[in-house]
Protein chains: 4
Amino acid sequence: MEKLFSAVWYIEPITKDFYQQMTINRIIYSGRTKYQEVQIIDTPTFGRCLILDGRLQSSELDEFVYHEALVHPAMITHPNPEKVLILGGGEGATLREVLSHKTVKEGVMIDIDEELVNLCKKYLPKMGKKALRDERARVIFEDGLKFVKETNEKFDVIIMDLPEPLEGTPAEPLYKKDFFEILNSKLTDDGILSSQIGTTCIGAYDLFTTLTNTVKKAFPIARPYEANIPSFGGSWGFIIASKKYDPLRIPEREIIRRIRERGLKTRFYDHKTHKAILTLPKFLRNAIRREKRTL
Amino acid sequence: MEKLFSAVWYIEPITKDFYQQMTINRIIYSGRTKYQEVQIIDTPTFGRCLILDGRLQSSELDEFVYHEALVHPAMITHPNPEKVLILGGGEGATLREVLSHKTVKEGVMIDIDEELVNLCKKYLPKMGKKALRDERARVIFEDGLKFVKETNEKFDVIIMDLPEPLEGTPAEPLYKKDFFEILNSKLTDDGILSSQIGTTCIGAYDLFTTLTNTVKKAFPIARPYEANIPSFGGSWGFIIASKKYDPLRIPEREIIRRIRERGLKTRFYDHKTHKAILTLPKFLRNAIRREKRTL
Amino acid sequence: MEKLFSAVWYIEPITKDFYQQMTINRIIYSGRTKYQEVQIIDTPTFGRCLILDGRLQSSELDEFVYHEALVHPAMITHPNPEKVLILGGGEGATLREVLSHKTVKEGVMIDIDEELVNLCKKYLPKMGKKALRDERARVIFEDGLKFVKETNEKFDVIIMDLPEPLEGTPAEPLYKKDFFEILNSKLTDDGILSSQIGTTCIGAYDLFTTLTNTVKKAFPIARPYEANIPSFGGSWGFIIASKKYDPLRIPEREIIRRIRERGLKTRFYDHKTHKAILTLPKFLRNAIRREKRTL
Amino acid sequence: MEKLFSAVWYIEPITKDFYQQMTINRIIYSGRTKYQEVQIIDTPTFGRCLILDGRLQSSELDEFVYHEALVHPAMITHPNPEKVLILGGGEGATLREVLSHKTVKEGVMIDIDEELVNLCKKYLPKMGKKALRDERARVIFEDGLKFVKETNEKFDVIIMDLPEPLEGTPAEPLYKKDFFEILNSKLTDDGILSSQIGTTCIGAYDLFTTLTNTVKKAFPIARPYEANIPSFGGSWGFIIASKKYDPLRIPEREIIRRIRERGLKTRFYDHKTHKAILTLPKFLRNAIRREKRTL
């Protein structure tokens with residue numbers, strides 16, 4: 001008799017017809033907070049992974065790509081980001097990247113789920129534990145929608161680090177045109193916003209183009225871009241929405257200077273990456289041009 | 001966007017073209033002893049499961065079927081089993097069933113893998129912990145092949161509770177005709193042996209018929225039988241090999257009497273089950289009749 | 001670089017936490033009739049398989065077990081079955097087994113789905129094509145519920161060969177106590193009914209025990225039994241409901257005589273199998289005894 | 001009872017611990033040529049897909065990205081490619097992209113597997129059938145290694161469109177430094193080569209960096225780049241090796257001019273894509289710089 005191999009797998013639907021599966025060493029945590037199901041698993045391929053409501057959100061292997069791609073293009077486009085708001089950002093890695101810019105005096109992180117943040121501190125300490133304790137950090141456990149509507153503060157940069165707008169989830173109302181307009185009003189006159197906006201994989205980029213179109217209605221400058229996040233199943237989309245500065249017009253030497261002056265230590269992002277990721281392939285540019293839908 | 005469900009799965013090949021997969025709550029243990037890979041997982045379908053070298057060996061849900069089917073037909077066929085040898089039997093459940101017969105004065109369990117037995121005591125205590133501490137139990141950590149060849153003891157019943165004879169595993173030489181003949185010589189004159197001998201699923205019962213034929217060469221009476229073990233992927237085969245008593249000729253009322261006198265508490269086995277499981281469907285009887293191979 | 005194997009798989013949920021998967025050689029047909037989704041696939045493990053609404057219904061490898069188990073215990077229990085009604089039975093294999101009894105003068109098969117029957121004739125000709133053309137066969141394409149309610153005919157044997165009563169499917173109302181009572185009234189005074197009633201796998205036999213209890217309310221004699229159908233994921237339950245004859249009380253020699261006289265050629269069923277499959281393991285007998293639910 | 005969904009899946013290992021799986025509508029072809037296993041499947045996610053030896057090679061959805069990325073950066077970098085050699089290229093799509101440059105007078109395609117090319121013409125006609133019949137095409141069924149060693153011809157551009165160098169496959173010796181040196185000698189003095197060189201996904205880019213380093217030893221200019229190919233499991237690596245022209249130094253307006261003059265109709269590639277895909281993210285540039293291995 002031949003020997004066959006059994007294994008323990010994490011299987012995640014990317015779409016209903018396309019799944020990815022990875023072997024697991026260990027299930028580190030599995031439970032429910034007040035707001036969502038949380039799983040933290042350890043895998044040979046991606047290291048420790050955070051899974052919320054059955055969607056992989058961060059892996060040790062490639063979270064640096066996601067978080068640098070989400071944070072730095074917007075932050076570097078702003079000449080002097082001092083006050084930054086993060087919506088979501090549970091494991092603290094977005095806060096970590098934000099605070100790595102020396103210009104930042106205050107990083108306000110609004111996450112609805114305190115239990116989740118504590119689980120991440122315990123089980124994913126490399127990702128954001130240190131940042132969550134930084135004296136420039138202000139971490140508030142509250143509904144982001146509520147906070148934004150009620151606050152009188154203005155921010156230089158706002159970063160949305162939220163799950164995709166699945167039906168019935170708390171994230172759903174945060175990706176609407178109305179909400180982007182409210183966010184616009186909470187930015188300083190030269191303020192910038194960035195957000196993840198879904199996969200850019202061919203055949204599956206409807207959310208990406210729809211959200212790009214939505215953001216365009218609420219901001220004078222809207223620049224979609226993408227980065228490869230293998231643990232998310234491929235290329236992933238982001239957007240910079242800006243009131244004044246255009247990330248495509250900032251000179252390369254200025255990016256180099258800002259990175260140096262702010263003391264950024266990066267693995268994914270630099271002046272070359274900045275330009276390259278903001279240049280989408282032709283078919284995506286065309287798909288965005290043709291897109292009429294908004295959320 | 002529609003919500004899709006990800007999950008953690010244990011996937012096991014039954015054959016190279018037929019797998020079964022079950023969701024997992026928790027990986028309780030995953031490691032290697034000196035002899036084998038061991039995984040203990042907790043599943044919604046089967047409760048805690050013991051997996052050795054990538055093959056599910058015991059589940060909380062249905063181990064009672066496997067262990068009662070392995071032990072009781074042979075034990076009940078013998079009028080007075082006092083001394084019983086178990087080869088293998090890591091988690092102690094076979095010993096538990098053997099010791100549940102009040103006639104038994106000594107249950108000798110030979111398992112090569114002490115670490116495994118300790119892991120089972122710790123993580124699967126319901127299965128055999130109590131039996132392993134019974135004063136009638138003698139647990140020896142040694143190679144079963146070596147023990148059997150060297151011992152001068154004789155046994156009323158020998159029960160083989162070993163993994164399938166995969167190439168290159170320690171179990172491989174223990175399923176050969178030569179070894180069954182040695183086992184025969186270690187039984188008392190009215191001794192009985194039982195063993196699991198592989199799946200009886202249609203299209204996959206080659207090992208079952210081959211081992212049945214092999215055992216027939218070494219014993220005057222050989223009675224194959226089967227029971228449903230869902231966690232093993234379906235119906236599973238066993239055999240009773242006997243020097244004197246025929247399990248098919250023991251009267252129903254005698255089975256009832258022995259069960260009562262010995263104080264057996266069973267969930268799967270009784271006089272009705274005894275007769276039914278020893279009656280294979282016609283195609284299996286024919287396949288056994290046609291079988292010429294031996295191991 | 002190591003070589004890894006990809007494959008095409010059919011993956012079917014047995015329950016939401018337990019799936020089975022088999023490799024596929026070929027998808028022979030995939031489409032929808034007016035009533036259901038139909039797939040016919042060719043697999044190395046089971047040969048050609050018929051899948052209705054995502055549930056495997058018949059495989060070349062083991063359909064003989066299913067159809068012999070469904071038909072013969074009831075037919076043999078009846079001393080002279082001349083007129084037989086089949087509800088469902090799309091691929092014709094139940095009709096084939098019914099007509100194999102020489103006593104039968106008329107086999108009436110009521111299937112709602114003519115397209116399905118034609119697809120089976122074309123792609124699964126071995127299963128029932130010949131029977132569907134037999135001059136004793138009367139095949140009617142109509143809703144079984146309607147036919148039974150309206151007919152004035154009486155039958156010696158009625159065989160239900162329907163999918164499981166999933167919510168919202170046409171099969172759902174056919175497994176209710178009320179309908180079993182109507183069926184009772186369409187049987188002759190010594191008539192017998194048989195039906196599949198779901199898996200008997202441990203931990204998943206709720207439908208089996210509930211339907212057994214339901215049938216008991218509608219018939220004086222109700223005998224549940226089981227057979228291993230690997231392509232269905234393990235042991236499968238059936239029931240005989242009878243107005244006069246008890247399948248447990250028919251002498252072995254009488255079964256042998258009837259099989260011979262009626263010219264049955266079987267692979268699974270004979271007098272030994274008859275007795276064995278009608279003897280459930282102890283835990284199933286207990287589960288049936290404790291069952292209070294009905295449908 | 002709840003309804004659960006079964007489906008037919010194509011499951012492909014990307015690595016031994018990371019698989020992707022997609023549902024299948026139809027298996028269009030499954031067989032073996034003299035050289036390799038061939039499967040052509042139709043999927044909801046990617047349309048028709050060509051699978052060789054269990055690895056997806058081309059899908060209708062995204063083959064345009066792969067083939068445009070493989071062909072155009074090298075072809076456009078050359079000011080006047082007239083004679084082009086393709087090694088491999090079974091389905092004809094690489095030839096199609098090559099011949100779409102009006103400058104090309106002769107496209108020589110060397111594929112070892114005539115049966116495969118015929119299967120592709122029959123079942124994947126959109127991909128390359130027209131190109132394979134173009135009068136500028138010269139299709140030779142021969143071992144690429146042998147052809148290259150023996151030919152006296154020189155080429156402006158050579159494009160390697162071969163499977164990955166798995167152990168023991170015909171492709172293995174074609175990715176060695178020695179062979180790249182031979183290819184160099186078959187290029188004209190300003191000749192250019194391009195090839196796919198494996199995944200660039202984080203944690204799995206060893207082959208990509210090793211081959212980049214290997215090509216650097218054989219050519220004065222070596223420019224690795226990447227593109228997203230969802231059906232390959234994420235971002236995929238390529239390289240341009242050049243004797244004279246550097247793809248990074250060709251002015252944007254010149255790219256625009258050449259695309260226009262040569263009549264290219266592209267969906268993925270243009271002057272913007274050219275620059276962006278040749279700019280790897282920082283961590284990949286660093287991994288290449290640190291790489292010491294060669295093949």
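For clarity, every value in this text was computed on a predicted model and none was experimentally measured.

**Overview of the overall build of chain A**
Line of reasoning, step 1. In terms of helices and strands, chain A carries 10 helices and 13 strands.
Line of reasoning, step 2. Relative to the globule expectation of 19 Å for 295 residues, the C-alpha radius of gyration of chain A, 19 Å, shows essentially globular dimensions.
Line of reasoning, step 3. With the C-alpha coordinates of chain A rotated into their principal frame, the extents come out at 70 × 45 × 40 Å.
Line of reasoning, step 4. Scored against the burial criterion, the 295 residues of chain A give a buried share of 53%.
Line of reasoning, step 5. Considering only contacts in chain A between residues 6 or more positions apart, those separated by 24 or more positions represent 65%.

**Some words on the interface of chain C and chain D**
Line of reasoning, step 1. Counting from both sides, the interface comprises 28 residues of chain C and, opposite them, 28 residues of chain D.
Line of reasoning, step 2. Contributing elements (two or more residues each) for the side of chain C that touches chain D: strand 1 (7-15) and strand 3 (26-32) of chain C.
Line of reasoning, step 3. If one sorts the elements of the side of chain C that touches chain D by residue count, strand 1 of chain C sits on top with 7 residues.
Line of reasoning, step 4. A breakdown of the residues in the side of chain C that touches chain D according to their chemical character gives 16 nonpolar, 4 polar and 8 charged.
Line of reasoning, step 5. Relative to strand 1 (residues 7-15) of chain D, strand 1 of chain C runs antiparallel, the two being bridged by 5 bridges. Looking across to strand 1 of chain D, one finds that Trp9(C) is bridged to Trp9(D).

**Observations regarding the arrangement of the chains**
Line of reasoning, step 1. The closest approach of any C-alpha atom in chain A to one in chain C is 12 Å; the two make no contact.
Line of reasoning, step 2. There is a gap between chain B and chain D: no contact, and a shortest C-alpha distance of 12 Å.

**Some points on the domain arrangement of chain A**
All names here are of chain A.
Line of reasoning, step 1. Under the domain assignment used here, chain A contains domain 1 (9-59) and domain 2 (63-290).
Line of reasoning, step 2. Centre-to-centre, using C-alpha coordinates, domain 1 lies 22 Å away from domain 2.
Line of reasoning, step 3. Each side of the interface is counted separately: domain 1 has 22 residues, and domain 2 has 19 residues.
Line of reasoning, step 4. Per element, the largest residue contribution to the side of domain 1 that touches domain 2 is 5 residues, and it comes from strand 6 (residues 55-59).

**A word on the sheet that holds strand 11 (residues 187-199) of chain A**
Residues and elements named next belong to chain A.
Line of reasoning, step 1. Here we have 7 strands laid out as an open sheet, ordered 9-8-7-10-11-13-12, and mixed in their pairing. This sheet does not close on itself; its edge strands, each paired only once, are strand 9 (137-141) and strand 12 (221-229). The mean inter-strand angle of the sheet, taken between neighbouring strand axes irrespective of direction, is 15 degrees.
Line of reasoning, step 2. Sheet topology note: the strand 7 (residues 83-88)/strand 10 (residues 155-161) ladder contains 5 bridges and is parallel. Within strand 10, the residue paired with Gly88 across the bridge is Asp161.

**Observations regarding unusual backbone geometry**
Line of reasoning, step 1. Even without glycine at this site, Asp53(A) takes up a positive phi of about 45 degrees.
Line of reasoning, step 2. Within the secondary structure, Asp53(A) is located in the loop between strand 5 (47-52) and strand 6.

**Some thoughts on helix 4 (residues 125-132) of chain A**
Line of reasoning, step 1. The complete set of buried residues in helix 4 of chain A reads Met127(A), Gly128(A), Ala131(A) and Leu132(A). Here the buried residues of helix 4 of chain A occupy an arc of 100 degrees about the axis, which is enough to place them on one side.

**Examining the relation of the copies chain C and chain D**
Line of reasoning, step 1. If you rotate chain C by 180 degrees and push it 0.0 Å along the axis, it lands on chain D with an RMSD of 0.0 Å. A rotation of that kind, with that shift, is consistent with a two-fold axis. Taking C-alpha positions as reference, the residue of chain C nearest the rotation axis is Trp9(C), located at 2.5 Å.
Line of reasoning, step 2. A shared binding surface is used by both copies, with 100% of the interface residues of chain C retained as interface residues in chain D.

**Considering the interface of chain B and chain C**
Line of reasoning, step 1. Listed by partner, the interface residues are 33 residues for chain B and 33 residues for chain C.
Line of reasoning, step 2. Mapped onto the side of chain B that touches chain C, the elements with two or more residues apiece are strand 2 (18-23), strand 13 (234-242), helix 9 (271-277) and helix 10 (282-290) of chain B.
Line of reasoning, step 3. Per element, the largest residue contribution to the side of chain B that touches chain C is 6 residues, and it comes from strand 2 of chain B.
Line of reasoning, step 4. A breakdown of the residues in the side of chain B that touches chain C according to their chemical character gives 14 nonpolar, 12 polar and 7 charged.
Line of reasoning, step 5. Sheet topology note: the strand 2 of chain B/strand 2 (residues 18-23) of chain C ladder contains 5 bridges and is antiparallel. Across the sheet, Tyr19(B) pairs through a bridge with Gln21(C), a residue of strand 2 of chain C.

**Some remarks on the packing of helix 6 (residues 177-185) of chain D against helix 7 (residues 206-218) of chain D**
Residue and element names in this part refer to chain D.
Line of reasoning, step 1. Taken N-terminus to C-terminus, the directions of helix 6 and helix 7 make an angle of 45 degrees; their axes are 9 Å apart at the nearest point. Relative to helix 7, helix 6 is oriented oblique. By crossing handedness, the relation of helix 6 to helix 7 is classed as right-handed. For the pair helix 6 and helix 7, the contacting residues are Lys177, Phe180, Glu181 and Asn184 in the first and Thr214, Val215, Lys217 and Ala218 in the second.
Line of reasoning, step 2. Counted by class, the contact of helix 6 with helix 7 contains 3 nonpolar, 2 polar and 3 charged residues.

**Considerations on the pairing of strand 8 (residues 106-111) of chain C**
All names here are of chain C.
Line of reasoning, step 1. Across the 6 residues of strand 8, 5 count as buried, placing the element largely inside the fold.
Line of reasoning, step 2. Where strand 7 (residues 83-88) meets strand 8, 5 bridges bridge the pair, whose relative direction is parallel. Residue pairing for strand 8: Ile86 is matched across the bridge by Met109.
Line of reasoning, step 3. Chirality of the crossover, the property in question, places the unit of strand 7, helix 2 (residues 93-99) and strand 8 among those that are right-handed.
Line of reasoning, step 4. Bridge count between strand 8 and strand 9 (residues 137-141): 5 bridges; the pairing is parallel. If you follow Ile110 over to strand 9, its bridge partner there is Ile140.

**Topic: the pairing of strand 4 (residues 37-43) of chain B**
Residue and element names in this part refer to chain B.
Line of reasoning, step 1. The element strand 4 is extensively covered by neighbouring structure, given that 5 of its 7 residues are classed as buried.
Line of reasoning, step 2. Strand direction decides the pairing type here: strand 3 (residues 26-32) and strand 4, joined by 6 bridges, are antiparallel. Bridge pairing in strand 4 links Arg26 to Asp42.
Line of reasoning, step 3. Here strand 3 folds back onto strand 4, and the loop between the two strands holds 4 residues.
Line of reasoning, step 4. Hairpin connection, strand 4 to strand 5 (residues 47-52): the antiparallel pair is bridged by 3 residues.

**Section: helix 3 (residues 114-123) of chain D**
Residues three or four positions apart in an α-helix share a direction because the helix packs 3.6 residues into each turn.
Residue and element names in this part refer to chain D.
Line of reasoning, step 1. The set of residues buried in helix 3 consists of Leu116, Val117, Leu119 and Cys120. Along the long axis of helix 3, the arc covered by the buried residues comes to 160 degrees, so they all point the same way.
Line of reasoning, step 2. On its buried face, helix 3 is in contact with strand 3 (26-32), strand 4 (37-43), strand 5 (47-52) and helix 4 (125-132).

**Some words on the sheet that holds strand 13 (residues 234-242) of chain C**
Backbone-to-backbone hydrogen bonds join strands into a sheet, with any given pair of strands oriented parallel or antiparallel.
All names here are of chain C.
Line of reasoning, step 1. One open sheet accounts for 7 strands, arranged 9-8-7-10-11-13-12; its pairing is mixed. Two strands in the sheet have a free side with no partner beyond their single neighbour: strand 9 and strand 12 (221-229). Between one strand and the next, the sheet's axes are offset by a mean angle of 15 degrees, whatever the strand orientation.
Line of reasoning, step 2. With 5 bridges joining them, strand 10 (residues 155-161) and strand 11 (residues 187-199) adopt parallel strand pairing. From the neighbouring strand, Ile158 faces strand 11, where its bridge partner is Leu193.
Line of reasoning, step 3. Along the sheet, helix 7 (residues 206-218) contacts strand 11, strand 12 and strand 13; its crossing angle with strand 11, the most-contacted strand, is approximately 165 degrees.

**Here we look at the environment of Asp246(A)**
Residues and elements named next belong to chain A.
Line of reasoning, step 1. Locating Asp246 in the fold gives a position in the loop between strand 13 (234-242) and helix 8 (252-261).
Line of reasoning, step 2. Overall, the presence of 15 C-beta atoms within 10 Å leaves Asp246 in the partly exposed class.
Line of reasoning, step 3. For the pair Asp246 and Ala204, spaced 42 residues apart in the sequence, the C-alpha separation amounts to 27 Å.

**Considerations on the confidence of the model for chain A**
Line of reasoning, step 1. Summing up the model confidence of chain A, the mean pLDDT is 95 and the portion of residues at 70 or higher is 99%.
Line of reasoning, step 2. Under the prediction, the complex receives an ipTM of 0.94, its pTM being 0.90.

**What about the environment of Thr199(B)?**
All names here are of chain B.
Line of reasoning, step 1. Locating Thr199 in the fold gives a position in strand 11 (residues 187-199).
Line of reasoning, step 2. Residue Thr199 is classed as buried on the basis of its C-beta count, with 24 C-beta atoms lying within 10 Å.
Line of reasoning, step 3. In this structure, the C-alpha to C-alpha distance between Thr199 and His271, residues 72 residues apart in sequence, is 24 Å.
Line of reasoning, step 4. Sequence-distant contacts of Thr199, defined by excluding residues within four places in its chain, comprise Ala204, Tyr205, Phe208, Gly233, Gly234, Ser235, Trp236 and Gly237.

**A word on the environment of Lys265(A)**
Residue and element names in this part refer to chain A.
Line of reasoning, step 1. As for its position among the elements, Lys265 is in the loop between helix 8 and helix 9 (271-277).
Line of reasoning, step 2. For Lys265, a count of 6 C-beta atoms within 10 Å gives the class exposed.
Line of reasoning, step 3. Along the sequence, Lys265 and Val98 sit 167 residues apart, while their C-alpha atoms lie 12 Å from each other.

Basis of the calculations
- Residues numbered from 1 in each chain as written.
- Chains lettered and ligands numbered in written order.
- Predicted model: local features only at pLDDT ≥ 70, side-chain atom pairs only at ≥ 80, totals over all residues.
- Helix = DSSP H or I, 4+ residues; strand = E, 2+ residues; numbered from the N terminus.
- Rg over C-alpha atoms; globule rule 2.2 N^0.38 Å.
- Buried ≥ 20, exposed ≤ 12 C-beta atoms within 10 Å, placed from the backbone.
- Contact = placed C-beta atoms within 7 Å.
- Nonpolar A, V, L, I, M, F, W, Y, C, P; charged D, E, K, R; others polar.
- Pairing = 2+ DSSP bridges.
- Domains from an automatic or database assignment.
- Axes fitted to C-alpha atoms, helices over the stretch in contact; angles between N-to-C directions.
- Arc of directions from axis to C-beta.
- Least-squares fit on C-alpha atoms with pLDDT ≥ 70 in both.
- Parallel < 35°, antiparallel > 145°, perpendicular 65-115°, else oblique.
- Left-handed = near helix turned anticlockwise from the far one by under 90°.
- Right-handed = clockwise from strand over helix to strand, strands pointing away.
- pLDDT = per-residue confidence, 0-100.

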